[in-house]
Amino acid sequence: MIEYRIEEDSVGMRLDKYLRKRLANMPTSHLFKMIRVKKVRVNGKRAQPEQLLAAGDVIAIRGDEKQLLGQDQGAERLPPPPPPVDPSELVILLEDDWMMAVDKPSGMAVHTGSGITGGTLVDYVRAYLGPKAVRNDFTASPAHRLDRETSGVILVAKRRPAMVHFTEVFTEGLSRKRYLTLVKGKMPKDSGVIDLPLSEHQQTAESKARRGVNMQEALTRWKVIRQSSEVALLSCSIETGRTHQIRRHLAAVGHPVAGDRKYGDFAFNRDVRARWGLKRLFLHAERIEFPHPQHGGKVSVEAKVPPELKDILKRAALEPS
């Protein structure tokens, strides 16, 4: 058995992330299985992957120490090196000792994952920060998500207390996010609200079989900026942060986002690509407002509309007059 006692530097970290750092040679799927079958306990109680750790917590992991640490498999398996990236390409909108706000381009994944090739936002941020990317056993990391094909503002925590703060901000709905999107068709009115529960995006098959599809509350507000007979340019704000929320909501009400290859209208996508040259998802995280992790004061950051999207608006006769 292995035991770890949580020190101040690890306060606020999720249990699963802490274990992934400590048991780096263990496959993630096996780690989650150990938690599920109660081989991992926190302070003697059953553990949950998402629970946040507090100072003095004792994590006990049942099993052979050498096997858990991968020491019986010969030389230690090191993670593959990150792909080479040019940190000068990173567009930084705001930076201080606690956090960064970055303008992520469309096509760049935030994290590594299945099928992800090339540099991720994490790779660019850590290359830019260099040795300063790690502070008191915490490595600078994005505080929330953006879809790979969505461009715009994303916040990065440079210190663990900042990550803990942002986790609370996004969980409690204390931020305000505004997105710009181009959708199919003519909207029925100038503004509206889509209040439609969405199925949990990452619910496991086992969970679905046991308790059915888990529906989550989701609310999106939209406002028409400009309208033609074919498309509408909308400003959207979300009061819940469900996966692909804006895309799923707009598709559900018959106005899919232009260029959306997952939830969109494929014939419409082919048409706008042929006529206007749209080669990406037309969704841009334009603005975010949030309380600062150090002093709590209100901060707002904006990312300009990318040139390729401005060109589409011009060709669609929706550019500002």
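Please refer to the structure higher up on the page.
Attention in this report is confined to the structure presented alongside it. All of these numbers come straight from a predicted model, not from anything done at the bench.

**Section: helix 1 (residues 15-22)**
Since the α-helix packs 3.6 residues into each turn, any two residues three or four apart lie on the same face. Buried residues of helix 1: Leu 15, Asp 16, Tyr 18 and Leu 19, and no others. Within helix 1, the buried residues cover an arc of 160° as seen down the axis, which keeps them to one side.

**Let's talk about the packing of aromatic side chains**
Applying the stated criterion to the full structure yields three aromatic pairs. Through successive ring pairs, a cluster of aromatic residues spans Phe 166, Phe 170 and Phe 290.

**Overview of the packing of helix 1 against helix 2 (residues 28-36)**
The N-to-C vectors of helix 1 and helix 2 enclose an angle of 125°; their axes lie 11 Å apart at closest approach. By the angle class used here, helix 1 and helix 2 are oblique. Like other packed secondary-structure pairs, helix 1 and helix 2 cross with a definite hand, here right-handed. Contacts between helix 1 and helix 2 pair Leu 15, Asp 16, Leu 19 and Arg 20 from the former with Thr 28, Leu 31, Phe 32 and Ile 35 from the latter. Of the residues assigned to the contact of helix 1 with helix 2, the class counts are five nonpolar, one polar and two charged.

**Side note on the sheet that holds strand 4 (residues 58-61)**
Strand order in this open sheet of four strands is 1-4-2-3, and the pairing throughout is antiparallel. Of all the strands in the sheet, just strand 1 (2-5) and strand 3 (45-46) have a single pairing partner and so form its edges. With four bridges connecting them, strand 1 and strand 4 associate as antiparallel partners. By the bridge assignment, Tyr 4 is partnered in strand 4 with Ile 59. Along the sheet, helix 1 contacts strand 1, strand 2 (40-42) and strand 4; its crossing angle with strand 4, the most-contacted strand, is approximately 60°.

What counts, and at which threshold
- Residues numbered from 1 in each chain as written.
- Predicted model: local features only at pLDDT ≥ 70, side-chain atom pairs only at ≥ 80, totals over all residues.
- Heavy atoms only, no water.
- Buried < 20%, exposed > 50% of the residue type's maximum accessible area, 1.4 Å probe, protein only.
- Helix = DSSP H or I, 4+ residues; strand = E, 2+ residues; numbered from the N terminus.
- Arc of directions from axis to C-beta.
- Phe/Tyr/Trp six-rings, centres within 6.5 Å; stacked < 30°, edge-to-face > 60°.
- Axes fitted to C-alpha atoms, helices over the stretch in contact; angles between N-to-C directions.
- Parallel < 35°, antiparallel > 145°, perpendicular 65-115°, else oblique.
- Left-handed = near helix turned anticlockwise from the far one by under 90°.
- Contact = heavy atoms within 4.5 Å.
- Nonpolar A, V, L, I, M, F, W, Y, C, P; charged D, E, K, R; others polar.
- Pairing = 2+ DSSP bridges.

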